[in-house]
Every structure is written in structure tokens, then in C-alpha cells.
Amino acid sequence: MRYRTIGQNPDHRREVSVLSLGAMLFGSATDEPTAFAILDRYVEAGGTFVDTSDNYAYWFTGGQGGESEQLLGRWRRSRGVGNEITVATKLGARPLAPGTGYLDNPEGLSAKVIRESAERSRERLGTDKLDLLYAHIEDPSVAPEETVEGFAQLVAEGTVGLLGVSNHWTWKIERARTIAAAAGLPGYEVLQYQHSYLRPRTDRPGDMSADGSQGVAGGDLLSYVRHDPGLTLVAYSPLLGGRYVRDDKPFGPEFDHAGTPARKAALRAVAQEAGATVNQVVLAWLIGGEIPVIPLVGASSVAQLDESLAAVDLELTADQRARLDTAC
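What you see as residue numbers is a count from 1 along each chain, following the sequence as written. Given that this is a predicted model, residues contribute local features only at a pLDDT of at least 70 and side-chain atom pairs are listed and counted only at 80 or more, while totals for whole chains, interfaces and linings are drawn from all residues. Only hydrogens and water are set aside when side-chain values are computed; all heavy atoms of the structure are taken into account.

## Comments concerning the pattern of salt bridges
Between Lys or Arg on one side and Asp or Glu on the other, a salt bridge is scored when a side-chain nitrogen of the former is within 4 Å of a carboxyl oxygen of the latter. On inspection of all chains with the given rule, the structure shows 18 salt bridges. The partner of Arg226 in a salt bridge is Glu290, with the nearest N and O atoms 2.8 Å apart. Placement of the pair is Arg226 in helix α7 (residues 219–226) and Glu290 in the loop between α9 (278–287) and β10 (293–297), with a sequence separation of 64 residues. Three labels apply to residues, based on accessible area from a 1.4 Å probe with only protein chains included: buried if under 20% of the type maximum, exposed if over 50%, partly exposed otherwise in between. Glu290 gets classed as exposed once you look at its relative accessible area, which sits at 73%. Residue Arg246 pairs with Asp248 through a salt bridge whose shortest N-O separation is 2.8 Å. By relative accessible area, which is 39% here, Arg246 ends up partly exposed. Strands are runs of DSSP state E lasting at least 2 residues, helices are runs of H or I lasting at least 4, and numbering of each runs from the N terminus.

Structure, rendered in C-alpha cells:
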């Protein structure tokens, strides 16, 4: 395994594995014995960065979420896991009532919600401190100053370490970080966005905005991370839910553009040359790129996880990376 540091403050920064494990469906679609086996294998391989959220997986259970955090809490206690494993969680997108969702009834990012939701997450995870806490989705009903101060207060109290943000427009991240810096408060340092080798169209409206999807790492966000060494990008859904390799899961209309066939062909060619799978090439491309990216992978079996773990040691040649970068 390889590692990189996230965060700048010596009191809160963490050294984490370059491959993060997503626990989204643990405790719901993925049963407990399977989830425990995947987590055990990940740690055995040197993995130290596990990701969850307070709303996982409400859409599967019909409730409000929390199953993933609860399972991770049971796993941590049963294995004696402590500070050596960084567990990241999120708040803001938990539905306020069963049968609703983050689009119509989210908990939001008020100071009250931040405090109460973080406390519930600590209880479910069985920890006194959340290593990394993300603002999961935007909350336009709350002033950014209130959200910034709400998160900062938890850091000051010692119940949260690093702060992160997901599914926000880049300009809103910069505005929040400017507010935090001006007030001498901690700001967002870890950005979690959907990012992969294939790039979706940006002219399609998103679920929360007619201007597109706030959750996709577009050129503005990638440029932001490239030019600010204090930021780290965590890429969720880097394997696009299996679409690179599964014929039964076709690419959606967001990938229906001229660049997709050329990049798929480049992926296949490099994978054949490297003696690797297409998925492994995608992960290696992300891990070894100029922009610091930590892929966040899911797994429903140990075998799936092992395929992703092998990508950590896959070194693409300069020629292979150039061909992947320029395919369009």
C-alpha cells in the first residue's frame, strides 16, 4: 500500500492510504459477514481510509440511513480498531423522515443540525472524535457563515478533526473557505466528488440545479485542486458502478459524446499492454496523476476489493499515461 497526507494542520492532518474504501451499502445491501470480511481484507492490505455517511443507505432500507455507520461501529469494536484507521463521514443529506430523501427533505447544514448530526454519527461509529467530516450537499437556506462556524466549533471542541465538502459548486467552496480564513477558522480541506477517466457531459441539468451536477468534478474544480496544495480530491464512483466492464450496466446519456469511444479504446489498449484490467488502469491513472486524487471504491465481495487493491501497485508508463490523457 502507498499513503499520502490529507490536511495541513499538524493537529488534525492524517496519513491515509491512496485507495479509500466506501462503506455505503454495508449493513444494508451488503450483509454484515460480507462487509466485515471486506473491511478485514482492506486493513490487512494496508488500507486506512474508510468512507461513510449518516444517510447511508436510506434509499435501500426505506428509512433515514445510519446502517453503514452502525455496522462500522460494530466492526471497530469487534476488531479493536482505533485511531490507526481514518473514518470519514458526512452530514447534510439525511432525510428528515422515512419515505423522503435528500432532494425534498434533507437535514441541511444549519449549526444545530451540524452539532446534533455529528453527535449521532459519533455514537453510531463508537468514537469520541470524527476524523473527517464532510458537508454532504449544499444547503442554500442557510448562510455560509453559519455553516462554517458550526463546523469550526466542533473542531475547536475536539470532536471533529478535518473538514471536507462534497457536491457543492466550486465557487461555494471558495466562498466558504474565504469566510473561514478571514475569521481564523478551519475550512474545508478534502473535496469528495464524482471523478473518473471517462468524463460526462456538462450541459445536462442535474438533480439539484438546472446548471448541471454539483457532484461532478469539472474543469473548474480540478483546476482549483491542482493549484492549491492544501486540497485533496477524493473521487467517488471512480469505476462508474461497474460500467467499464459490465455489459448489463450501460453508460448513461451523460457519456453520449464524441470523447467517450476514444477514451474507452485507449483504456482497453493500455490495459492489454499492462496485463491489467480496465478497472485497474482507471484507478492507477487517478492515483498517479498530477492532481492528487484518492479513489474511493466500493466492493460487494473480497474478490472485487482485491482487484482494486492491485491497482495501487500498477505503474503506468509515461507513454501510456500520455495516450490516456490525450485520447478524445
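## Details of the side chain of Thr159
Inspection of the secondary structure assignment puts Thr159 in the loop between α5 (144–157) and β7 (160–166). We call two residues contacting when some pair of their heavy atoms lies within 4.5 Å. Thr159 has contacts with Arg122, Asp128, Lys129, Leu130 and Leu154, leaving out every residue within four places of it along the chain.

## Here we look at α7
Taken as a whole, α7 has its buried residues at Leu221, Leu222, Tyr224 and Val225. End-on, the buried residues of α7 take up no more than an arc of 155°, which puts them together on one face. At its buried positions, α7 is contacted by α6 (170–182), β8 (190–194) and β9 (232–236). Note: the arc covers the axis-to-C-beta directions of the helix.

## With respect to helix α8 (residues 259–274)
An α-helix turns once per 3.6 residues; consequently, residues spaced three or four apart project the same way. For α8, with 16 residues, the first-to-last C-alpha span of 23 Å sits near the 22 Å given by 1.5 Å per residue. Every buried residue of α8 is accounted for by Gly259, Thr260, Arg263, Ala266, Leu267, Val270 and Ala271. Down the axis of α8, the smallest arc covering the buried residues is 130°, so these residues share one side. What points out from α8, more than 90 degrees from its buried face, is the exposed set Pro261 and Gln272. Along its buried surface, α8 packs onto α9 and α11 (318–326). Once α8 finishes, Gly275 follows within two positions and takes phi at roughly 65°, a positive value. An expected span of 1.5 Å times one less than the residue number is assigned to each helix.

## Things to note about the pairing of β7
Of all seven residues making up β7, seven are buried, and the element is well covered by its neighbours. Direction of pairing for strand β6 (residues 130–135) relative to β7: parallel, over a ladder of five bridges. Looking at the pairing, Leu133 lines up with Leu163 of β7. Assignment of crossover handedness uses the view with strands pointing away from the viewer, where a clockwise path from the first strand over the helix to the second indicates a right-handed crossover. Crossover connection from β6 via α5 to parallel β7: handedness right-handed. Pairing between strands is defined by DSSP: at least two bridges between them are needed. Relative to β8, β7 runs parallel, the two being bridged by three bridges. Each residue of the ladder has a partner; that of Ser166, found in β8, is Gln192. Running through α6, the crossover from β7 to the neighbouring parallel element β8 is right-handed.

## Examining the nonpolar core
Here is a general trend for soluble globular proteins: nonpolar side chains tend to be buried in one another's company. Side-chain atoms within 4.5 Å are what join buried Ala, Val, Leu, Ile, Met, Phe, Trp, Tyr and Cys residues into a set we call a nonpolar core. In terms of nonpolar packing, the biggest core is built from 89 residues, with Phe49, Phe151, Leu191, Tyr197, Val281 and Leu324 touching the most fellow members. It is α9 that contributes the most residues to this core, eight residues altogether. Residues within four places of Leu191 in sequence aside, it is in contact with Val165, Ile173, Leu221, Tyr224, Val225, Leu231, Thr232, Leu233 and Val234.

## Let's talk about the sheet that holds β9
Ordered by their spatial adjacency, eight strands build a closed barrel running β3-β4-β5-β6-β7-β8-β9-β10, and the pairing between neighbours is parallel. Averaged over all pairs of adjacent strands, the angle between strand axes in this sheet comes to 30°, irrespective of strand direction. Pairing geometry for β8 and β9, over five bridges, is parallel. Residue pairing in the sheet places Val190 in a bridge with Thr232 of β9. Lines are fitted to the C-alpha atoms to define the axes, a helix being fitted only along its stretch in contact, and any angle between axes, read from their N-to-C directions, falls within 0 to 180 degrees. Across the face of the sheet, α5 comes into contact with β5 (86–91), β6 and β7 while running at roughly 155° to β7.

## Quick notes on the packing of aromatic side chains
Put simply, two rings from Phe, Tyr or Trp (the six-membered ring, in Trp's case) pair if the centres are within 6.5 Å, and we call them stacked under 30 degrees between planes, edge-to-face over 60, tilted for the rest. For the coordinates displayed, the defined rule picks out six aromatic pairs. Judged by centre distance (5.9 Å) and plane angle (80°), the ring pair of Tyr56 and Trp59 falls under edge-to-face. Pairing Phe251 with Phe255 gives two aromatic rings, centres 5.6 Å apart and planes at 65°, and the pair type is edge-to-face. Of the residues examined, Phe251 reaches a relative accessible area of 21% and is grouped as partly exposed. For Phe255, a relative accessible area of 7% translates into the label buried. Members of the aromatic cluster, each reached through a chain of ring pairs, are Tyr56, Tyr58 and Trp59. As a reminder, the over-ring test applies to NZ of lysine and CZ of arginine, requiring each to be within 6 Å of the ring centre and within 35 degrees of the ring normal. Geometry around Tyr197 places Arg263 over its ring, the cationic atom sitting 3.9 Å from the centre.

## Some remarks on the pairing of β6
In terms of residue burial, β6 counts as a mostly covered element, since six of its six residues are buried. Where β5 and β6 come together, four bridges link them in parallel fashion. Bridging across to β6, Lys90 finds its partner in Tyr134. After leaving β5, the chain enters helix α4 (residues 111–125) and then returns to the sheet as β6, a path that is right-handed.

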